[in-house]
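Report on the structure
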Amino acid sequence: MLSRILALTWKAPKWSFELVSWGKSFKNNPIIGNYVLNFFGLHVLRVVVAHALFRFRLFLLSPIVPSEYRREFIENGYILKKNFLDNKQFLQLVKELDQFEGPVREIIEGTTVTQRIFMDYEERKRAPEFKRLVENQLLNRLMRYCSSKNRPPLFYIENLCNHENVNPRPDPQRDLHADTFHPCVKGWLYIDETSDNNGAYVYAPGSHKLSWKRLKWEYRESLEACKKGNERPSGRYWDGSFRVNDKDLKKMGYEVKKLSVPANTLVIGNVYGFHCRGEALQKSKRMTVWMQARDNPFNPLFTPFPNSAAKAFETVWKVALKRLDKGKINSGEQRNYYGRLARSRCMETVD
Ligand SMILES: [Fe+2]
């Protein structure tokens, strides 16, 4: 009994803080996952406030990005720019990434093996072309604007190995979903072209916007997400990242679009919009420079010091990743090794 009281005393402030931050788990946080609170609109309130603050910060950051990019992002939920780097620079980057050796984290998602190298400021010292990309002015400004936080993102090299895992488990990335309840962005610079062979990115344009129909859907989903044990429909959603079925998608008026793109295309997407990793028809690989920018959606302000804020986030995230590693390695879903990504095999299978 005493240990239960102590645990609650320790956890209650954490749960309360999560409520006004990016916390999204209905399962692990009993305040976010409380049926009565959500019946009276807690989840919907969080969605509305987070979106209003996002639009406020975007408005303030407007001067840093040309209007055509802003319009595309606000209208569609993503920016797509082909031939992002000049050809010579892109080929030099491809060569560098093919040969780069670093700390690889390899996780299993369904039949896919996902390999990632976290490219923080230390790793970038050994990768001049990658560093040059990170310092690209347009990329820097687009990511700072789209995240609404004025902070450059976390950078990774990501290499998807499709149909690599012969003992598959459900792949949450292949179902259409919103990453979380608030707008936030991910970015990809495609090193390989994408197609049905290696699984193009799929997005429902416009689904990042709040509409009355979307809010009603959020409300219904939040009540479903509060269900416990057997009452909870298995596989219906991924905790805090609601999945949407075709019927609901149509009801809300959205249609999905497959973004099959050539190599050297930049895509920056608001992952509150519905999206997923498209099916890959063949055993294949898909490499990207992957960027992620997630921050407290309820902080109305953004950093006035983009570079130092980015460095601080990278330092904290590096420590957090090491902590997260332990659980995933113990459960068998992740392995870590130092070396190259499975790139040479990629050339053999894709070409
Ligand atoms: Fe996602």
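The structure reproduced in this document is the subject of the present report. (Residues numbered from 1 in each chain as written. Predicted model: local features only at pLDDT ≥ 70, side-chain atom pairs only at ≥ 80, totals over all residues. Heavy atoms only, no water.)

**Describing the coordination of the iron ion**
Bound to the iron ion on the protein side are His177 (NE2), Asp179 (OD) and His275 (NE2), at distances that span 2.1 to 2.2 Å. The motif formed by the donor residues of the iron ion, counted along the single chain, is H-x1-D-x95-H. Placement of aspartate 179 in the loop between β4 (154-162) and β5 (185-190) and of histidine 275 in strand β9 (residues 275-277) is noted, with a sequence separation of 96 residues between them. Each member of the pair, aspartate 179 as well as histidine 275, carries the same accessibility label: buried. (Donors = N, O, S within 2.8 Å, 3.2 Å for Na, K, Ca; no water. Helix = DSSP H or I, 4+ residues; strand = E, 2+ residues; numbered from the N terminus. Buried < 20%, exposed > 50% of the residue type's maximum accessible area, 1.4 Å probe, protein only.)

**Comments concerning the sheet that holds strand β7 (residues 257-259)**
Reading across the sheet, the 3 strands line up as β7-β6-β9 and stay open at both edges, with antiparallel pairing between neighbours. The strands lining the two open edges of the sheet, one partner per strand, are β7 and β9. Geometrically, the sheet is characterised by an average inter-axis angle of 25° between neighbouring strands, direction not taken into account. Relative to β7, strand β6 (residues 201-203) runs antiparallel, the two sharing 3 bridges. When the bridges of β7 are listed, tyrosine 201 appears paired with leucine 259. (Pairing = 2+ DSSP bridges. Axes fitted to C-alpha atoms, helices over the stretch in contact; angles between N-to-C directions.)

**Comments concerning the packing of aromatic side chains**
A full pass over the atoms with the stated rule returns 14 aromatic pairs. Seen in terms of ring centroids, tyrosine 35 and phenylalanine 39 are 6.5 Å apart; in terms of plane orientation they differ by 20°. Their pairing is stacked. Residue tyrosine 35 and its partner phenylalanine 39 are located together in helix α2 (residues 35-39), separated by 4 residues, close to a single helical turn. Given the relative accessible area of 44%, tyrosine 35 is considered partly exposed. (Phe/Tyr/Trp six-rings, centres within 6.5 Å; stacked < 30°, edge-to-face > 60°.)

**A few points about the packing of helix α3 (residues 42-61) against helix α9 (residues 212-225)**
In the contact formed by α3 and α9, the axes pass within 8 Å of each other and the chain directions differ by 140°. In terms of orientation, α3 and α9 fall into the oblique class. The chirality of how α3 crosses α9 is right-handed. Here His43, Val44, Val47 and Val48 of α3 come into contact with α9, specifically with Leu215, Glu218, Tyr219 and Ser222. (Parallel < 35°, antiparallel > 145°, perpendicular 65-115°, else oblique. Left-handed = near helix turned anticlockwise from the far one by under 90°. Contact = heavy atoms within 4.5 Å.)

**Remarks on the environment of arginine 343**
Within the secondary structure, arginine 343 sits in helix α12 (residues 343-350). On the accessibility criterion, arginine 343 (4% relative accessible area) is buried. In this structure the C-alpha to C-alpha distance between arginine 343 and glutamate 164, which are 179 residues apart in sequence, comes to 13 Å. Once residues within four sequence positions are removed from consideration, arginine 343 is found in contact with Asp98, Asn159, Ile191, Asp192 and Met287.

**What to know about the side chain of asparagine 38**
Secondary-structure assignment places asparagine 38 in helix α2. For asparagine 38, a relative accessible area of 0% puts it in the buried group.

**Considering α9**
An ideal rise of 1.5 Å per residue puts 20 Å on 14 residues; α9 measures up with 20 Å between its terminal C-alpha atoms. If you check which residues of α9 are buried, you get Arg214, Leu215, Trp217, Glu218, Glu221, Ser222, Leu223 and Ala225. (Expected span 1.5 Å × (residues − 1).)

**A short note on helix α11 (residues 306-331)**
Spanning 26 residues, α11 covers 37 Å between terminal C-alpha atoms, matching the ideal 38 Å at 1.5 Å per step. Within α11, the axis deviates most sharply at aspartate 325, by approximately 25°. For α11, the complete set of buried residues consists of Pro306, Ala309, Ala310, Glu314, Ala320, Leu321 and Asp325. Considering only its buried residues, α11 is in contact with β2 (102-109), β3 (112-118), α6 (121-124), α8 (137-146), β4 and β11 (334-339). Glycine 332, located one to two residues past α11, shows a positive phi value of around 85°. (Bend = angle between axes of the 7 residues up to and from the residue.)

**Some remarks on the pattern of salt bridges**
Scanning the entire structure with this criterion turns up 21 salt bridges. Put simply, glutamate 158 and arginine 116 hold a salt bridge, and the shortest N to O gap is 2.8 Å. Of this pair, glutamate 158 sits in strand β4 while arginine 116 sits in strand β3, and the two are 42 residues apart along the sequence. Glutamate 314 is the partner of arginine 124 in a salt bridge, and the nearest nitrogen-oxygen pair spans 2.8 Å. Of the two residues, arginine 124 sits in helix α6 while glutamate 314 sits in helix α11, which places them 190 residues apart along the sequence. Here arginine 124 falls in the buried class, since its relative accessible area comes to 12%. Taken together, the shared-partner salt bridges connect Asp179, Lys186 and Arg294 into one network. (Salt bridge = Lys/Arg side-chain N within 4 Å of Asp/Glu carboxyl O.)

**Brief notes about the sheet that holds β4**
Strand pairing in a sheet is mediated by backbone hydrogen bonds. Such pairs are either parallel or antiparallel. Across the sheet, 8 strands lie side by side as β1-β8-β5-β10-β4-β3-β2-β11; this open sheet has antiparallel pairing. Strands with a single pairing partner mark the edges of an open sheet, and in this sheet they are β1 (78-81) and β11. For this sheet, the mean inter-axis angle between neighbouring strands, taken without regard to orientation, is 25°. Bridge count between β5 and strand β8 (residues 266-270): 5 bridges; the pairing is antiparallel. Considered in β8, the bridge of tryptophan 188 is made with valine 267. Packing of α8 onto the sheet brings it into contact with β1, β4, β5, β8 and β10 (284-293), and relative to β8 it is tilted by some 10°.

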